[in-house]
Amino acid sequence: MNIYIKQLVTAVFLCMCSCLLYGVQAETGSVTGGPDGNMTSSARLKLRVIIPRFLQFQVGSPGTSVDTISFQPAVDAVGNGVAVSGTGGDASSGSGASVLVRSNAGQITIVADNDGGNGGLGSSGAISLSEITALSDSSDLQTPQLSDRGATTTTATPTGGDVTDRRATWSYSYNNSRAVEPGSYDAEIVYTAVSP
């Protein structure tokens, strides 16, 4: 019984090797002729590059950490209507976030939503997100304006055809238009890049 199994396994193995050997052969051409004159023989080979659809989107520092941009008006300037630049962003000014969109999947739409649907910053939405002004340094990669209701959008300008390769710095400032009670008012903005 064991001899029969060994013979069967050997036969299957030889058959597979033979199939693989013939499966990888390229086209072969051959000619014959007399002792004089030139001879030529041609053989073809196909080359294929397979590119997957992809979408890469980054806001702030690369990796999984979430950057925090903070605004803190001076004591004697709270609510005086003079805008306050942020600190803590990964861009050189501190008030900005480096943004990258790369894709070959068509027109990319960027959606901005807030984390809790509270209508603003803080657990009660005491500071409206309209108090935060967002600006981009690139007309090809504009930032969606922030809204208490969320779901604001912009579109990235394609580089060519279905390909997009855009970079920008999105900068933020706090309008500081009114005085509010002391405390730390947070909201997490979720930016989503969407392909067709």
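We now turn to the structure provided with this report. (Residues numbered from 1 in each chain as written. Predicted model: local features only at pLDDT ≥ 70, side-chain atom pairs only at ≥ 80, totals over all residues. Heavy atoms only, no water.)

### Some details on the overall build of the protein
For the protein, the helix and strand inventory stands at one helix and eight strands. Of the regular secondary structure in the protein, the N- to C-terminal order runs α-β-β-β-β-β-β-β-β. Counting only residues that meet the buried cut, the protein has 26% of its 196 residues in that class. Counting only contacts in the protein whose residues sit at least 6 apart along the sequence, the fraction spanning at least 24 positions is 72%. (Helix = DSSP H or I, 4+ residues; strand = E, 2+ residues; numbered from the N terminus. Buried < 20%, exposed > 50% of the residue type's maximum accessible area, 1.4 Å probe, protein only. Contact = heavy atoms within 4.5 Å.)

### Some thoughts on unusual backbone geometry
Even without being glycine, Ala151 reaches a positive phi, approximately 60°. Its location among the elements puts Ala151 in the loop between strand S5 (132-136) and strand S6 (152-155). The backbone phi angle of Asn176 is positive, close to 55°, even though this residue is not glycine. One can find Asn176 in the loop between strand S7 (164-174) and strand S8 (189-194). Judged by its relative accessible area of 1%, Asn176 is buried.

### Section: the environment of Asp137
Looking at the element boundaries, Asp137 is found in the loop between S5 and S6. Excluding residues within four positions of it along the chain, Asp137 makes contact with Ala168 and Thr169. A polar atom in the side chain of Asp137 sits 2.8 Å from the backbone nitrogen of Thr169. (Polar contact = N/O pair within 3.5 Å; in protein donor to acceptor, adjacent residues only side chain to side chain.)

### Things to note about the pairing of S5
Residues Ile132, Ala134 and Ser136 point to one face of S5 and are all buried, whereas Thr133 and Leu135, pointing to the other face, are not buried. Relative to S7, S5 is paired through five bridges, and the arrangement is antiparallel. Bridge assignment links Ser136 to a residue of S7, and that residue is Trp170. (Pairing = 2+ DSSP bridges.)

### Topic: the environment of Gly88
By the element assignment, Gly88 lies in the loop between strand S2 (84-85) and strand S3 (96-103). Its relative accessible area of 48% is what places Gly88 among the partly exposed residues. Separated by 17 residues in the primary sequence, Gly88 and Phe71 have C-alpha atoms spaced 9.3 Å apart. If we ignore the near neighbours within four places in the chain, the residues touching Gly88 are Thr68 and Gly94.

### Quick word on the nonpolar core
Formed by 21 residues in total, the largest nonpolar core has its most connected members in Ile110, Ile132, Leu141, Leu146, Trp170, Tyr172 and Tyr191. If one sorts the elements of this core by residue count, S7 sits on top with four residues. (Core = buried A, V, L, I, M, F, W, Y, C linked by side-chain atoms within 4.5 Å.)

### Describing the pairing of S6
A one-sided burial pattern is seen for S6, the buried positions being Thr152 and Thr154 and the unburied ones Thr153 and Thr155. Two strands pair when backbone bridges link them, and strand S4 (residues 109-114) and S6 are joined in this way by four bridges, in the antiparallel orientation. Across the sheet, the residue bridging to Thr109 is Thr155, located in S6.

### Overview of the pattern of salt bridges
Scanning all chains against the criterion turns up three salt bridges. Where Asp165 meets Arg102, a salt bridge forms, and the shortest distance between an N and an O atom there is 4.0 Å. One end of the pair, Asp165, is in strand S7; the other, Arg102, is in strand S3, and 63 residues separate them in sequence. The class of Arg102 is partly exposed, set by a relative accessible area of 29%. With a shortest N-O distance of 3.3 Å, Arg166 and Asp140 are connected by a salt bridge. Here Asp140 lies in the loop between S5 and S6 and Arg166 lies in strand S7, a separation of 26 residues in the sequence. (Salt bridge = Lys/Arg side-chain N within 4 Å of Asp/Glu carboxyl O.)

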